[in-house]
Amino acid sequence: MSPREVFALRDHLGTALTERTISDPRHAVTLAQLTTGSCLGGRAGELDGRSVLLATSGQLLAGFALIEIDGVARRMLLCPPDLKTEHLASIIADAEIDAIVTDEPERFSECAVNLSVPVGLPALSARMAQTTRATEWLMLTSGTSGVPKIVGHTLEGLCGAIIGDRPVPGDALPVWATFYDIRRYGGLQIFLRAIVGGGSMVLSDPGEALADHVARLNKCGVTHISGTPSHWRKLLMSGSAEQFAPRYVRLSGEIADQAVLDGLKQAFPRASIGHAYASTEAGVGFAVNDGLEGFPATLLGEGRGAVDMKVVDGSLRIRSRRAAHAYVGRAAAALTDGDGYVDTGDMVELRGERYYFVGRRNGVINVGGLKVHPEEIEAVINGHIEVRMSRAKSRRSPITGSIVVAEVVLTADADPARAEAVRNEILADCRARLAAHKVPAMIRFVPALDVTPAGKLARSDA
Amino acid sequence: MSVRLRIIAAIKQIADEQKVKLPQLTDELTLHETGFDSLAFAILVARLEDDLGVDPFTLSEDVTFPNTIGDFIRAYENVPA
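Predicted model only: the values in this text are computed from it and were never measured. (Residues numbered from 1 in each chain as written. Chains lettered and ligands numbered in written order. Predicted model: local features only at pLDDT ≥ 70, side-chain atom pairs only at ≥ 80, totals over all residues.)

Engineer: Give a description of the overall build of chain B that names residues and reports values.
Structural biologist: The helix and strand tally for chain B stands at four helices and zero strands. Reading chain B from its N end, one meets helices and strands in the order α-α-α-α. By the compact-globule yardstick of 12 Å for 81 residues, chain B fits well, its C-alpha radius of gyration being 12 Å. The principal-axis extents of the C-alpha atoms in chain B amount to approximately 35 × 25 × 20 Å. Intrachain contacts of chain B at a sequence separation of at least 6 include 57% that bridge at least 24 residues. (Helix = DSSP H or I, 4+ residues; strand = E, 2+ residues; numbered from the N terminus. Rg over C-alpha atoms; globule rule 2.2 N^0.38 Å. Contact = placed C-beta atoms within 7 Å.)

Take a look at the structure:
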């Protein structure tokens, strides 16, 4: 293959490079600086054909490095911030890593990888990286237990859902932001939209308070922003949303229930609000922009577009060129079934003309032989006007094995004196809409609920 | 409120929530006769664990589940402090 046929990120930066930036709380770097400089000290050539572990302390350097490494390395594994040290050796072996790009070399001094290239802010360099191949992009799944799986993508697949809607000349350039980390699938999608789609990118920072983050989003003129429903609930709860007016608001990564969609519509009345289905393995499945939870049953089927979908045994299956091409590793399982479908493990239920997500297959709670997904309970609880977010979970029972209990965070303006009344109203809603074994046996009010580094509600028992 | 009264109050509240019409609660009434299903008992045991700080049915493996209301209440009363 001649290099000209290869699609590398550096070849798709587009125009207006001096106006477009990638920024975090401390730095803003223009794309022009990236095209005339190197963040690897001009050493990208040493990574030619290598399998590179890209492990930086923050997102900014990761963003620079992946632009410089794509098209040079054979493989590039994006390390998410919460990768556990004990999983490092097996991931390095499975991905056949033979080079590390990092700003924290001491973290990898014990690893049996002999090439380590430091990464920093871009500096002018005469030795610019050349596109020589299509790099395989490796990402890690965000499961809560065990060694994460390594998922292989191509840049073409990752960009498959990014339609060529480059900004019209004369229009203001889009400024993208996400609450996600760009080293995860959901965040990388936004980063690629900014880079390939002709915009700027404002990165999040885990050390930054939410109010400061929102102030920075405003200052940077963010127009397009995405996050998980948990991220958005936190924002709505904080009261910081009032000073912010994005044009385009997207949710993904968790079930977007009607309550959070309505809450965002109220907070951002002029914005386009939608939710998307995507996973690290299945890629971007579809987007729903009618303001309603769930998705139209007409999306299922084959040959309707880039994505084929079906429901088997209650779980959503996706076949798509945007999907990953394989799990990578010595004992990697098959990613798809014989027909090329990825089983997402996301369970759906048909009600009328629409499918609704009910939860993860492996998150099911068994109450005396009857099954319940915590998410379906949360969707009912979150529908209460004074509830901001909730978590349903299993509690051990000597009688039924498990029962369901719930923790609830009230909205900022909820009257604490009404807690008992709210509890009774929530229970009445649950009894009206759920089978008896799905109604929480106990409801506890809590000030906040943990969200994982991947932006999802922490489920210790899932 | 005594352990007995708290248990009776919890039973009445769950009966109300679960729309179970309770017969008069005497010590001799069998648990089956209360009209509670296993889910209602599971909720009762969990709430009593929060209220009284103890779950006698999980504490010890040789505790058999009681037959009557009286047995049920004694299981809580007899838990060593």
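And the narrative resumes.
Engineer: Describe the packing of helix 9 (residues 374-382) of chain A against helix 10 (residues 419-433) of chain A, listing the residues and the values that go with them.
Structural biologist: Residue and element names in this part refer to chain A. At their nearest, the axes of helix 9 and helix 10 sit 9 Å apart, and the two run at 125 degrees to each other. Viewed along their axes, helix 9 and helix 10 adopt a mutual orientation that is oblique. Here helix 9 and helix 10 pass one another in a crossing that is right-handed. Together, Ile377, Val380 and Ile381 of helix 9 and Ile426, Asp429, Cys430 and Arg433 of helix 10 make up the contact between the two elements. Considered class by class, the residues forming the contact of helix 9 with helix 10 number five nonpolar, no polar and two charged. (Axes fitted to C-alpha atoms, helices over the stretch in contact; angles between N-to-C directions. Parallel < 35°, antiparallel > 145°, perpendicular 65-115°, else oblique. Left-handed = near helix turned anticlockwise from the far one by under 90°. Nonpolar A, V, L, I, M, F, W, Y, C, P; charged D, E, K, R; others polar.)

Engineer: Mind laying out the sheet that holds strand 19 (residues 315-320) of chain A, listing which residues take part and the relevant values?
Structural biologist: Residue and element names in this part refer to chain A. Spatially, the five strands line up as an open sheet ordered 17-22-21-19-18, and their pairing is antiparallel. Each edge of the open sheet carries a strand with a single partner, namely strand 17 (295-296) and strand 18 (307-312). Where strand 19 meets strand 21 (residues 342-351), three bridges bridge the pair, whose relative direction is antiparallel. Bridge pairing in strand 21 places isoleucine 318 opposite valine 342. (Pairing = 2+ DSSP bridges.)

Engineer: Account for the interface of chain A and chain B, with residues named and values stated.
Structural biologist: Counting from both sides, the interface comprises 12 residues of chain A and, opposite them, 13 residues of chain B. For the side of chain A that touches chain B, the class distribution of residues is seven nonpolar, four polar and one charged.

Engineer: Quick rundown of the sheet that holds strand 26 (residues 401-410) of chain A? Include the residues and the values.
Structural biologist: Across the sheet, which stays open at both edges, the three strands sit in the order 25-26-27 (chain A) with mixed pairing between neighbours. If you trace the sheet from one side to the other, it starts and ends with strand 25 (387-397) and strand 27 (442-445) of chain A, each paired once. Shown here is a sheet whose adjacent strand axes are inclined to one another by a mean of 25 degrees, direction ignored. Where strand 25 of chain A meets strand 26 of chain A, 10 bridges bridge the pair, whose relative direction is antiparallel. Bridging across to strand 26 of chain A, serine 397 of chain A finds its partner in glycine 401 of chain A. Of the strands in this sheet, strand 25 and strand 26 of chain A touch helix 9 of chain A, which is tilted by about 140 degrees from strand 25 of chain A. On top of the sheet, helix 2 (residues 38-52) of chain B reaches strand 25, strand 26 and strand 27 of chain A; it is set at about 100 degrees to strand 25 of chain A, its chief contact.

Engineer: A description of the environment of lysine 438 of chain A should follow, citing residues and the corresponding values.
Structural biologist: Residues and elements named next belong to chain A. As for its position among the elements, lysine 438 is in the loop between helix 10 and strand 27. Considered as a pair, lysine 438 and leucine 370 are 68 residues apart in the sequence and their alpha carbons are 9.0 Å apart. If near-sequence neighbours (up to four positions away) are discounted, lysine 438 is found in contact with Val372, Glu376, Ile377 and Val404.

Engineer: So what's going on with the nonpolar core? Residues and values would help.
Structural biologist: Core analysis: the largest hydrophobic core is formed by 139 residues, its most contacted members being Leu54, Ala65 and Ile69 of chain A. Examining the composition of this core, we find that nine residues originate from one element, helix 2 of chain B, more than from any other. Residue contacts for isoleucine 69 of chain A: discarding those within four places in its chain leaves Ala44, Leu47, Val52, Leu54, Met76, Val101 and Thr135 of chain A. (Core = buried A, V, L, I, M, F, W, Y, C linked by C-beta atoms within 7 Å. Buried ≥ 20, exposed ≤ 12 C-beta atoms within 10 Å, placed from the backbone.)

Engineer: If you had to explain helix 4 (residues 69-77) of chain B to someone new, which residues and values would you point to?
Structural biologist: Every buried residue of helix 4 of chain B is listed here: Ile69, Phe72, Ile73, Ala75 and Tyr76 of chain B. Around the axis of helix 4 of chain B, the buried residues are gathered within 150 degrees of arc, so they sit on the same side. (Arc of directions from axis to C-beta.)

Engineer: An account of helix 9 of chain A is requested, with residue identities and associated values reported.
Structural biologist: The periodicity of an α-helix, 3.6 residues per turn, causes residues three or four positions apart to be oriented the same way. Counting buried positions along helix 9 of chain A yields nine of nine residues, so the element is predominantly enclosed. Buried residues of helix 9 of chain A: Pro374, Glu375, Glu376, Ile377, Glu378, Ala379, Val380, Ile381 and Asn382 of chain A, and no others.

Engineer: How would you sum up the packing of helix 1 (residues 3-17) of chain B against helix 4 of chain B? Please name residues and give values.
Structural biologist: Residues and elements named next belong to chain B. Two elements in contact, helix 1 and helix 4, have axes whose closest approach is 10 Å; the angle formed by their N-to-C orientations is 130 degrees. The pairing of helix 1 with helix 4 is recorded here as oblique in orientation. When the axes of helix 1 and helix 4 are compared, the crossing they make is right-handed. Every residue of helix 4 that contacts helix 1 at Val3, Arg4 and Ile7 is listed here: Ile73, Tyr76 and Glu77. Tallied by class, the residues present in the contact of helix 1 with helix 4 amount to four nonpolar, no polar and two charged.

Engineer: Would you mind going over the domain arrangement of chain A in detail, with residue names and values included?
Structural biologist: Residues and elements named next belong to chain A. Here chain A is partitioned into domain 1 (3-350) and domain 2 (364-445). Of note, the centres of domain 1 and domain 2, computed from C-alpha atoms alone, are 33 Å apart. Contacts between domain 1 and domain 2 engage 11 residues on the former and nine residues on the latter. Breaking the side of domain 1 that touches domain 2 down by element, the ones donating at least two residues are helix 7 (229-238) and helix 8 (258-267). Looking at the side of domain 1 that touches domain 2, its residues break down into six nonpolar, three polar and two charged. (Domains from an automatic or database assignment.)

Engineer: Outline unusual backbone geometry, supporting the account with residue identities and numerical values.
Structural biologist: Residue and element names in this part refer to chain A. Unlike most non-glycine residues, alanine 16 shows phi in positive territory, near 55 degrees. If you trace the backbone, alanine 16 turns up in the segment before strand 1 (21-23). The exposure class assigned to alanine 16 is partly exposed, which follows from the 16 C-beta atoms found within 10 Å. For aspartate 313, which is not glycine, the phi torsion reads 50 degrees and is therefore positive. Topologically, aspartate 313 is positioned in the loop between strand 18 and strand 19.

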